[in-house]
Amino acid sequence: MTVLTGIRMDQRSNLLGSLWMVTAMGAFALEDTFVKGAAKQLPVAEILLLFGFLGALAFALLARLKGERLLNPDVGSKPMLFRFVFEFVGRLFYVLALALTPLSSATAILQATPIIVVLGAALFFGEKVGWRRWTAIFIGLIGVMIVLRPGGETFSLLSVLAVLGMLGFAGRDLASRAAPASLSTNVLGFYGFVTIIAAGAVFAVWDGNDLIVPCAAAWMSLVLAVVAGVFAYSALMKAMRTGEVSTVTPFRYTRLLFGVGLGVFVFGESLDPFMIGGCALIVASGLFILWRGAKTAPASA
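These numbers come from a predicted model, not from an experiment. Just so you know, the residues in each chain are numbered from 1, in the order the chain's sequence is written. Local features are withheld for residues below a pLDDT of 70 in this predicted model, meaning they are given only at 70 or higher, and side-chain atom pairs are given and counted only at 80 or more; totals for whole chains, interfaces and linings count all residues. Water and hydrogen atoms play no part in the side-chain values, which are based on all heavy atoms of the structure.

Focus: the nonpolar core
And step 1. Judged by nonpolar contacts, the single largest core of 71 residues is most densely connected at Ile47, Phe51, Leu92, Ile109 and Leu222.
And step 2. Secondary structure elements are taken from DSSP: a helix is a run of H or I of four residues or more, a strand is a run of E of two residues or more, and numbering for both begins at the N terminus. A per-element tally of this core places helix H2 (residues 44-65) first, with 9 residues.
And step 3. Residues count as neighbours in contact if any of their non-hydrogen atoms are within 4.5 Å of one another. Contact partners of Leu222, with chain neighbours within four places excluded, come to Ala38, Leu42, Ile47, Leu50, Phe51 and Leu54.
And step 4. The term nonpolar core refers to a set of buried residues drawn from Ala, Val, Leu, Ile, Met, Phe, Trp, Tyr and Cys, joined through side-chain atoms within 4.5 Å. When accessible area is computed with a 1.4 Å probe and restricted to protein chains, residues below 20% of their type maximum are described as buried, those above 50% as exposed, and intermediate ones as partly exposed. One finds Met21, Ala24, Leu236 and Val248 within the second-largest nonpolar core, a separate group that totals 10 residues.

Some remarks on the packing of helix H5 (residues 113-124) against helix H7 (residues 159-177)
The packing of two helices is summarised by the inter-axis angle and the distance between the axes.
And step 1. To get an axis, a line is fitted to the C-alpha atoms, and for a helix only the part in contact is used. The angle between two axes follows their N-to-C directions and goes from 0 to 180 degrees. With their axes 9 Å apart at the nearest point, H5 and H7 run at an angle of 50 degrees to one another. Between H5 and H7, the crossing angle belongs to the class labelled oblique. Once H5 is placed against H7, the crossing between them reads as right-handed. Contacts between H5 and H7 pair Thr113, Ile116, Val117, Gly120 and Ala121 from the former with Met166, Leu167, Phe169, Ala170, Asp173, Leu174 and Arg177 from the latter.
And step 2. Amino acid classes used here: Ala, Val, Leu, Ile, Met, Phe, Trp, Tyr, Cys and Pro are nonpolar; Asp, Glu, Lys and Arg are charged; the rest, including Gly, are polar. Residue composition of the contact of H5 with H7, grouped by class: 8 nonpolar, 2 polar and 2 charged. If an angle is under 35 degrees, it is roughly parallel; if it is over 145, roughly antiparallel; if it lies from 65 to 115, roughly perpendicular; otherwise it is oblique. By convention, the crossing between two helices is left-handed when the near helix turns anticlockwise from the far helix through less than a right angle, and right-handed when the turn is clockwise.

Read these as geometric descriptors, not functional statements.
Now the structure itself:
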């Protein structure tokens, strides 16, 4: 009975963790939708500034409620400086992609992040990656190229914005592995949004467009984006701490379904066989990498 009870508890934890992960991905997709909605009225630099300020305020309040210190000496550590740079690149270019390209394609390209993280871990951290996962990485990158379709009639250089954003997020995730354990989720979230403010300030100087007074709809979009983003971040942490990582992590790819669905039904975007095929390759290769990594750890894959 004790063994059966333990199995049932594990199954329940995995189910709850998976549900939290799906919820987090849905909330992240809503965050993207609200940011894209705000971009119809506000300059990108202003979106970054206001979104970053509201998000930093939210995480500062959460840290305050839990008695967590924002002014921690470990914030200036080398891994955090790398995290700042990659977060800067990821946030700036992904928000630009949301503003200037279809939500469905930006979301699809973003799903390659775990593939690039494994590639970076092998190249920079010396993690063992066997020929099967190398093959999956190559197939996943082919999927990204199919979504982009360079040389095709529908190709736009603006699609590269999503690629740069995805590379920035992958670098951020790699840097987060080495981030000091003394920094809590709320503290990391606070400095992540502070980085968005910095990205907005730099882009405002480069872009040169005047800032405008947001209308009520734009304010609502930004506030809802922050609420969705903070909730998504918290749900993601809850998912990773509730179920087994190997069981919960694959549900990250549900973000693609949410993103594509919102792109089609909210913004009237259309899908074609190339987009669907590229998405399938990206998701299939990512799931294989996760499965193979869990199966062969700690041995070479």
